[in-house]
Amino acid sequence: MKQSVKLVAGNWKMNGLGASLGEVERLKAELAGQAATCRVALCPPATLVARMAQLCDGGPIEVGGQDCRAEASGAYTGDIAAAMLKDAGAGLVILGHSERRQGYGETSALVLAKAEAALAAGLSPIVCVGETLEEREAGRAVEVVRGQVIQSLPLALAGHAFAVAYEPVWAIGTGLTPTLEQIEEVHRAVRAAMIERLGLGAADQPILYGGSVKPDNARDILAVAEVGGALVGGASLKAADFLEIIRAA
Ligand code: PGA
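Source: prediction; values computed, not measured.

Further remarks concern the overall build of the protein chain. The secondary structure content of the protein chain amounts to 10 helices and eight strands. Relative to its length of 249 residues, the protein chain is compact, with a C-alpha radius of gyration of 17 Å against a globular reference of 18 Å. Judged by the C-alpha coordinates and their principal axes, the protein chain covers about 45 × 45 × 30 Å. Relative to its 249 residues, the protein chain shows a buried fraction of 51%. Taking the intrachain contacts of the protein chain between residues at least 6 apart in sequence as the baseline, contacts between residues at least 24 apart amount to 73%. Looking at charge distribution, the protein chain has the averaged site of its 22 positive side-chain charges lying 3 Å from that of its 28 negative ones.

See the structure below:
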């Protein structure tokens, strides 16, 4: 299957203050000295999106949000609309992360509505899917992930740039990762589900692997068939670690 250029995206989660932008400056300086081999993105907490986007203006680091509301505006205290992220300088948004699916009861139907909102605002969504340990142990990983892909991707995504991130819930922040064979099996199933849902145009959109990607396992994971990049949590907080992962892509 034809692969687009890899995307290595960092998810800072609820980490980072203004002082953390120093890591971004370091990363930017390092990347400036080398030819781009992949796309690089950082998704900081909402409070840092505008400042990071200013800092990264002109490339090569893209900036994204970690979530958005499905509605365009209104009485939703504490929430952020896709257009607000776009206005702050973001180009991407992570949607349906398992910490939101599990912690906030977000369903695939809600993730789909958020992805439609992102698209309408001109953001490129990174839609996350992944099975729990219980589901994997019951032999249901592929079935669960396939269902999440079909139900979370709006048909309107056809022809647009987006990514799917496969993040086994049990691998996030635990230091555990699936075997390379397990990653390949699920990524192939994700690709098939993307094409089933959106047509052959979806063959070129990257499928990222996420869940305990570190400098020492990134090269092997990123070499697996159908792995089109990585979504990196903990290891994206330090420029040196994130850079090693970028260099492995
Ligand atoms: P982790 O997080 O790399 O810290 O496991 C990945 C993610 O949740 O996106």
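Taken as a whole and judged by the stated rule, the model has 15 salt bridges. For the salt bridge of Arg39 with Glu62, the shortest nitrogen-to-oxygen distance reads 2.8 Å. Of the two residues, Arg39 is situated in strand 2 (residues 39-43) and Glu62 in strand 3 (residues 61-65); the sequence distance between them amounts to 23 residues. By relative accessible area, which is 28% here, Arg39 ends up partly exposed. A relative accessible area of 25% means that Glu62 is categorised as partly exposed.

This part is about the domain arrangement of the protein chain. Domain annotation for the protein chain reports domain 1 (1-34 + 207-249) and domain 2 (63-157). Taken over C-alpha atoms, the centre of domain 1 sits 20 Å from the centre of domain 2. Of the roughly 510 Å² buried at the junction of domain 1 and domain 2 (both faces included), carbon and sulfur atoms supply 62%. Three residues stand out in domain 1 for area buried against domain 2, namely Asn11, Lys13 and Leu231, and they jointly supply 71% of the buried area on that side. Our count for the domain 1 to domain 2 interface comes out at one salt bridge.

Turning our attention to the packing of aromatic side chains. For the structure shown, the criterion picks out one aromatic pair. Each ring, one from Tyr166 and one from Tyr209, has its centre 6.1 Å from the other, and the planes form 65°; the classification is edge-to-face. Linking Tyr166 in strand 6 (residues 163-166) with Tyr209 in strand 7 (residues 207-210), this pair joins segments that are 43 residues apart in sequence. According to the relative accessible area criterion, Tyr166 is buried, its value standing at 0%. The class of Tyr209 is buried, set by a relative accessible area of 0%. Its end group placed over the ring of Tyr104, Arg100 keeps NZ or CZ at 4.0 Å from the ring centre.

Moving on, we come to the site of the ligand. For the ligand, the set of nearby residues contains 13 residues, the closest of which are Lys13, His97, Glu167, Gly173 and Ser212. Measuring from an oxygen atom of the ligand, one finds a backbone N or O atom of Gly173 at 2.6 Å. One nitrogen or oxygen atom from the main chain of Gly233 is found 2.8 Å from an oxygen atom belonging to the ligand. With the chains in place, 97% of the 280 Å² that the ligand exposes on its own is no longer accessible.

With that settled, consider the side chain of Ser98. Here Ser98 shows up in helix 4 (residues 98-103). For Ser98, the residues in contact, after removing those within four places along its chain, are Gly103, Val169 and Ile172.

Spatial strand order, 1-2-3-4-5-6-7-8: eight strands in a closed barrel with parallel pairing. Taking each pair of neighbouring strands and ignoring which way they run, the sheet shows an average axis angle of 25°. Contacting strand 4 (92-95) and strand 5 (124-129), helix 5 (residues 108-120) runs over the sheet at an angle of about 175° to strand 4.

In this model, helix 5 (13 residues) spans 18 Å end to end at C-alpha, consistent with the 18 Å of a helix rising 1.5 Å per residue. Turning to helix 5, its buried residues are Ser108, Val111, Leu112, Lys114, Ala115, Ala117, Ala118 and Leu119. In the core, the buried residues of helix 5 are packed alongside helix 3 (82-87), strand 4, helix 4, strand 5, helix 7 (141-152) and helix 8 (180-198). Positive backbone phi, approximately 85°, marks Gly122, located one or two places after helix 5.

Attention now moves to the pairing of strand 8 (residues 229-232). By the alternation rule, side chains of strand 8 split into Gly229 and Leu231 and Ala230 and Val232, which are all buried. In this sheet, strand 8 lies alongside strand 1 (residues 7-11) in parallel orientation, the contact comprising four bridges. Bridged to Val8 within strand 8 is Ala230.

Rules used in this analysis
- Residues numbered from 1 in each chain as written.
- Predicted model: local features only at pLDDT ≥ 70, side-chain atom pairs only at ≥ 80, totals over all residues.
- Heavy atoms only, no water.
- Helix = DSSP H or I, 4+ residues; strand = E, 2+ residues; numbered from the N terminus.
- Rg over C-alpha atoms; globule rule 2.2 N^0.38 Å.
- Buried < 20%, exposed > 50% of the residue type's maximum accessible area, 1.4 Å probe, protein only.
- Contact = heavy atoms within 4.5 Å.
- Lys, Arg positive; Asp, Glu negative; His and termini not counted.
- Charge placed at Lys NZ, Arg CZ, Asp CG, Glu CD.
- Salt bridge = Lys/Arg side-chain N within 4 Å of Asp/Glu carboxyl O.
- Domains from an automatic or database assignment.
- Buried area = accessible area lost by both parts, 1.4 Å probe.
- Phe/Tyr/Trp six-rings, centres within 6.5 Å; stacked < 30°, edge-to-face > 60°.
- Lys NZ or Arg CZ within 6 Å of the ring centre and 35° of its normal.
- Near = heavy atom within 4 Å.
- Polar contact = N/O pair within 3.5 Å; in protein donor to acceptor, adjacent residues only side chain to side chain.
- Areas by Shrake-Rupley, 256 points an atom, 1.4 Å probe, with all protein chains shown as cover.
- Pairing = 2+ DSSP bridges.
- Axes fitted to C-alpha atoms, helices over the stretch in contact; angles between N-to-C directions.
- Expected span 1.5 Å × (residues − 1).

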